[in-house]
Each structure stands twice: as C-alpha cells, then as structure tokens.
2 protein chains.
Amino acid sequence: MLAQADVIAGYRTYLDLIQPLVGDRPTISTGMTQEVQRVEGALTEALSGSRVALVSSGDPGIYAMAGLVLEMCAVRGVDVVAAEVPAANGLVIEVVPGIPALCAGAALLGAPLTHDFAAISLSDLLTPWETIAARIEAAARADFVIVIYNPKSRKRHWQLQKAQQILRAFRDGATPVGIATSAMRDGQRIHITTLDQLHLAQVDMQTTVFIGNRSTRCYGTFMFTPRGYDRKYIMDIPT
Amino acid sequence: MLAQADVIAGYRTYLDLIQPLVGDRPTISTGMTQEVQRVEGALTEALSGSRVALVSSGDPGIYAMAGLVLEMCAVRGVDVVAAEVPAANGLVIEVVPGIPALCAGAALLGAPLTHDFAAISLSDLLTPWETIAARIEAAARADFVIVIYNPKSRKRHWQLQKAQQILRAFRDGATPVGIATSAMRDGQRIHITTLDQLHLAQVDMQTTVFIGNRSTRCYGTFMFTPRGYDRKYIMDIPT
C-alpha cells in the first residue's frame, strides 16, 4: 500500500519509523492530539486525486485512525466506497489491518487473551471517566480478561490506580497482570506482576496492561488464560 | 519461523493453506476439536529436540493455541522459557503474533472497533452458557462494541439468536451489525445488517459478528464507531 501511495500521512513519530519506505515522497505529518488535522490534510489530498496512505501503528482499526477517517467523511458528506465494491462512485477507502498492540503484547507475555476479553482505554480526553469506570467494573464483574490501552500519560496520572481499585473489588490481589511497553519496538519492556502490585509497575504512554481473569495463571516466564480444556480433556490423556 | 522449523504442526485445513511454505517437511496435523492431541504431538517432538512450528490462523493468542501449549506444559511440568530470556533453561517458546479475525473483519467492515470492545466466544463446549450469557449482558449494558467469535456450528444453532435477545434489551434494533465470513480468504463475504435482522444473517463457523455500540453508525458501504472527536474537535473545523 505504501509503495502505491502518492502521499503518506501519519503521526510524525510513525513516519520517522518507516522513513526508508517513505523515501522522498510528500508527507503530511502532525503531532500527537493533531489527529483531526492529519485526517483533514489526508482527505484534502485524496479529494484532489492523490492516492494517500494514512499510517497508524499496530492496527488502524483499534483505537486508531480508521474510524476518524470515516467519521470526518460522514461529517463532510464525502461519498465513500469500499475497494471491493465494483464500479461504485465515491472516494475509495481501504483499511489495511495490522497486528494490534494487544496481540504483540500478549504474544510476549505468553497467552493472556485465549479466552473472552475486553479492551478499555483509560484516556478520558474523549470519553467521560464515569463511562470508563463503568466499563472496567462490568468487565471485572463478568470475568473478562481486560486489556488496558492508554494507561498513563503526563496529564493522566491517577486513572490506572483508580482502575486497580475497581478491579480489586472483583479479582484477587494475586491475579497476574502483564505489562507490555513498546512491544516489538526499540525499548521493549515486558514484565509480569500482580493486581496488588500494579500501582508500582513502570507504565507509560507506550504501555499496554493485561489484567488476568479469575483463571489466568503464571507459568515459567509467561502468563496464560486457560480455555477450560483441563476440565474436559487434559485429564483423559496419559501424562 | 516456518523456514526455521524442523516439524510443522497444525489443524489440517491450515496446513493445506500454507502447503507451499511447508514443503516436504514432516507435519503433525489433526482435525477440529483435536487440539489437545495436536499440542501433545508438537510437545513430544519439541522435547525430543526438534524445532516445532505450531500454526494457528489469525493470531495464535486470541481463541487459539498459544494458551493450550502453555497450559499443557504446566500440567506436565515441562519447564518453559521465553525466547528473549538469556541463558535460561527449559523449552524455549516464542509466540508469534498475527492479524486476528477481529482486525481482518473490522478492516473490511470499516472501523467498528475504534472504541472499547469486548470479544466473546459463543462456543459452550468449554465454557458454561451461563458464563457466556452473563458476559454478553455485561458488555451490552456497559456499551462495549461486541465481537462474537464462534457464533454458529452444526451443533451450535440457538446461541446466536439467544445472544441477539440479550443484546436487544440494551441496544436499539437498528444498531449496525457487521457480518464478516472468511475475511481475507477464499469465499470472503462481508455484510452489514442490524441487530433486529441478525437472526436472518448467513452465519457459519468462519464468521465473526460485530455488534455496534450505542454510537456506531453506518456510512457509505461501511460501519464505524466514533471515538467522540465530534464533541471536542470536529465542530471547530471549517467544513
């Protein structure tokens, strides 16, 4: 997709990461929290006839830019159409999936997500904290594994500890918690702790936090969530 | 990873899909519901000194084999260690992340997952239906987008309709619902319907179902979930 693009748009840090793939083509780059301006620039180029690649990290559909592109097209009344719809009119949009941070982090931690899970962002910039807290409580009560995105930033310092308190009402303090920072990038840090120790973990804007459910266990250097095979199958097999 | 493997293990259908990458190397393949036997075979080979690649579709950590490998190592007392832990003893296990069905399907549908979501499997082979139903209700109540795995099989015919009834108590009947079957494989079918029409959708074992939250909208040939930018940003920008 990048090879076919006339213009490449993205958060500045991501464009730096893929500089060899960008080459000397024109770019549209903006800083953090400038998502709307970035999409605005990309849309303007696309509507003038250029092929534009808008780059996200991980998967563009999970807490990333794909939704905002469609949202801004809707707000502006720009007709859009999927690449595989034949002979339709409108701006052709193709979302290219990727490996989200929740998969990259889970792989490095072992297998925390092999049963039902919920992904929750702690960023209350665009979502009221009451909604976020209600989701944490609902997911904790129903025994979902919980993946926390955006656990902390310079301005967001108390939310993770508040989440820990909510979770602690429904999960044992020894529940395994995985901390994956910059998974599969420079500066990668992988660490397994417990729910009671979560407030001591080194967490930043590049971190994804994995809260085990009531069955999640640690083994060796890993954490994993059984799917229930032990009840039905494993005991039948000679060891 | 496949190139480095001495033996390649996997569900028969998946090994067929990657036959050109397997070549003439020995394989361990078993049918559906034979997961334990497959891992058993892979472990036996690995403990005898072979490098074994165990293949999943999508991401091996999401409703797939990574957890079962660790679980069976734990049950058998096989020491395991992550590839990046230096000089440790034990069977080296490396989980290689991939693009899960929830990302592939979401990309083809637009951007249903750009806000908090829950993944729930309707398979009650290993999980009691009461647990599954409680998770659907909790996720519906807390306004998560919901991704349903394993919605239907030959033996599993009533669960999706029951899920629809639970969801209907909390979500409008016009809520967008995305149906992604064999996403990015032969036989791909992508379709957007509504919660009230879900029971009429063509759904099978290769299908992932995406239930929108209260904000999810359709636009053009797509569905998407806004992150709330409109409240904070979009109105400030000249159209």
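Since the model is a prediction, treat every value here as computed from it, not as a measurement. Within each chain, residues carry numbers counting from 1 in the order of the written sequence. Here the convention is simple: chains get letters from A, ligands get numbers from 1, in the order in which they are written. Under the rules for a predicted model, residues below a pLDDT of 70 receive no local features and side-chain atom pairs below 80 are neither given nor counted, while totals for whole chains, interfaces and linings still include all residues. Side-chain measures were taken over the full set of non-hydrogen atoms in the model, leaving aside hydrogen atoms and water.

*Asks:* Whenever I open this one, the pattern of salt bridges confuses me. Can you help?
*Replies:* Take a side-chain nitrogen of Lys or Arg and a carboxyl oxygen of Asp or Glu: if they are within 4 Å of each other, that pair is a salt bridge. One pass over the structure, following the stated rule, counts 16 salt bridges over all chains. For Asp143 of chain A, the salt bridge identified is with Arg135 of chain B, shortest N-O distance 3.7 Å. Note that Asp143 of chain A is positioned in the loop between helix 6 (129-141) and strand 8 (145-149) and Arg135 of chain B in helix 6 (residues 129-141), a pairing that runs across two chains. Using a relative accessible area of 10% as the deciding quantity, one classes Asp143 of chain A as buried. The partner of Asp204 of chain B in a salt bridge is Arg189 of chain B, with the nearest N and O atoms 3.7 Å apart. With Asp204 of chain B in the loop between strand 10 (189-194) and strand 11 (207-211) and Arg189 of chain B in strand 10, this residue pair connects regions lying 15 residues apart in the sequence. When a residue's accessible area, from a 1.4 Å probe over protein chains only, is under 20% of the maximum for its type it is buried; when over 50% it is exposed; and in between it is partly exposed. On the accessibility criterion, Asp204 of chain B (29% relative accessible area) is partly exposed. Secondary structure elements follow DSSP: runs of H or I no shorter than four residues count as helices, runs of E no shorter than two count as strands, and numbering proceeds from the N terminus.

*Asks:* Which parts of the structure should I look at to understand the side chain of Thr208 of chain A?
*Replies:* Looking at the secondary structure, you find Thr208 of chain A in strand 11 (residues 207-211). The contact rule is simple, with two residues in contact once any of their heavy atoms fall within 4.5 Å. For Thr208 of chain A, the residues in contact, after removing those within four places along its chain, are Ala101, Val147, Ile148, Tyr149, Gly178, Ile179 and Ala180 of chain A.

*Asks:* Where do I start with the interface of chain B and chain A in this structure?
*Replies:* Much of the literature gives interface size as the accessible area that the parts lose upon coming together. At the interface, 84 residues of chain B touch 84 residues of chain A. Between chain B and chain A, a total of about 7000 Å² is buried, with carbon and sulfur atoms accounting for 65% of that surface. Contact with chain A buries surface across chain B, with Leu126, Arg135 and Tyr219 of chain B losing the most and accounting together for 11% of the total. Connecting chain B to chain A are four salt bridges. Whenever two N or O atoms come within 3.5 Å, that pair is a polar contact, provided that in protein one can donate a hydrogen and the other can accept it, and provided that, for residues adjacent in sequence, both atoms are side-chain atoms. Applying the counting rule to chain B against chain A returns 24 residue pairs in polar contact (both at pLDDT 80 or more). Looking at the side of chain B that touches chain A element by element, the count peaks at ten residues for helix 4 (residues 65-76) of chain B. Nonpolar residues are Ala, Val, Leu, Ile, Met, Phe, Trp, Tyr, Cys and Pro. Charged residues are Asp, Glu, Lys and Arg, and all others, Gly as well, are polar. Class assignment for the residues of the side of chain B that touches chain A results in 52 nonpolar, 17 polar and 15 charged. We define buried area as the total accessible area lost by two parts upon association, computed with a 1.4 Å probe and summed across both.

*Asks:* Just to check I follow, could you spell out helix 3 (residues 35-47) of chain B for this structure?
*Replies:* The end-to-end C-alpha distance of helix 3 of chain B, which contains 13 residues, comes to 18 Å, matching closely the 18 Å that a straight helix rising 1.5 Å per residue would cover. Trailing helix 3 of chain B by a residue or two, Gly49 of chain B shows a phi angle of about 110°, which is positive. One less than the residue count of a helix, multiplied by 1.5 Å, gives the span that helix is expected to have.

*Asks:* Where do I start with the relation of the copies chain B and chain A in this structure?
*Replies:* In this structure, two copies of a chain are linked by a rotation about an axis accompanied by a shift along it. Superposition of the copies used a least-squares fit over C-alpha atoms from residues whose pLDDT is at least 70 in both. Turning chain B through 180° and shifting it by 0.0 Å along the axis lays it on chain A, with an RMSD of 0.0 Å. Seen this way, the second copy is the image of the first under a two-fold rotation axis. Measuring from the rotation axis to each C-alpha of chain B, the shortest distance belongs to Ala118 of chain B, at 2.0 Å. The fraction of interface residues of chain B whose copies in chain A are also interface residues reaches 100%, indicating that both copies meet through the same surface.

*Asks:* Honestly, the sheet that holds strand 12 (residues 217-219) of chain B in this entry has me stumped. Any pointers?
*Replies:* Paired through backbone hydrogen bonds, the strands of a sheet run either parallel or antiparallel to each other. Residues and elements named next belong to chain B. Pairing between strands is defined by DSSP: at least two bridges between them are needed. Read across the sheet, three strands follow the order 6-13-12 without closing on themselves; strand pairing throughout is mixed. A single partner strand is all that each edge strand has here, and the edge strands are strand 6 (110-111) and strand 12. As defined by bridge partners, strand 12 adjoins strand 13 (residues 222-224) across three bridges and the pair is classed as antiparallel. In the sheet register, Cys218 faces strand 13, and the bridge partner there is Met223.

*Asks:* Please clarify how the nonpolar core should be interpreted in this entry.
*Replies:* The nonpolar side chains of a soluble globular protein tend to be buried, and buried together. One finds Ile136, Phe144 and Ile146 of chain A together with Ile136, Phe144 and Ile146 of chain B to be the most contacted residues of the largest nonpolar core, which totals 52 residues. Sequence-distant contacts of Ile136 of chain B, defined by excluding residues within four places in its chain, comprise Ile120, Leu122, Trp129, Ile146, Ala163, Ile166 and Leu167 of chain B. Ile62, Val147 and Met223 of chain A together with Tyr63 of chain B belong to the second largest nonpolar core, which has 30 residues in total. Put simply, a nonpolar core is a bunch of buried Ala, Val, Leu, Ile, Met, Phe, Trp, Tyr and Cys residues held in one set by side-chain atoms that sit within 4.5 Å of each other.

*Asks:* Would you mind going over helix 6 of chain B with me for this structure?
*Replies:* Each α-helix turn comprises 3.6 residues. Residues three or four places apart therefore point the same way. Helix length check: helix 6 of chain B, at 13 residues, gives a terminal C-alpha distance of 18 Å against a target of 18 Å (1.5 Å per residue), a fit within 8%. Every buried residue of helix 6 of chain B is listed here: Trp129, Ile132, Ala133, Arg135, Ile136, Ala138, Ala139 and Ala140 of chain B. For helix 6 of chain B, the elements touching its buried residues are helix 6 of chain A together with strand 7 (117-121), strand 8 (145-149) and helix 7 (159-168) of chain B. Just downstream of helix 6 of chain B, Asp143 of chain B is the residue with a positive phi angle, here 60°.

*Asks:* It is not clear to me how the sheet that holds strand 3 (residues 52-55) of chain A should be interpreted in this structure. Could you clarify?
*Replies:* Residues and elements named next belong to chain A. Reading across from one edge, 2-1-3 is the order of the three strands in this open sheet, with parallel pairing throughout. Each of the sheet's edge strands pairs with one partner strand only, and the pair in question is strand 2 (27-30) and strand 3. Across the sheet, the axes of successive neighbouring strands diverge by a mean angle of 15°, strand direction being ignored. Where strand 1 (residues 7-11) and strand 2 come together, four bridges link them in parallel fashion. Bridging across to strand 2, Gly10 finds its partner in Ser29. Only the stretch in contact is used when a helix axis is fitted, and all axes are lines through C-alpha atoms; the angle between N-to-C directions ranges over 0 to 180 degrees. Across the sheet, helix 3 (residues 35-47) touches strand 1, strand 2 and strand 3, and the angle it forms with strand 2 is around 165°.

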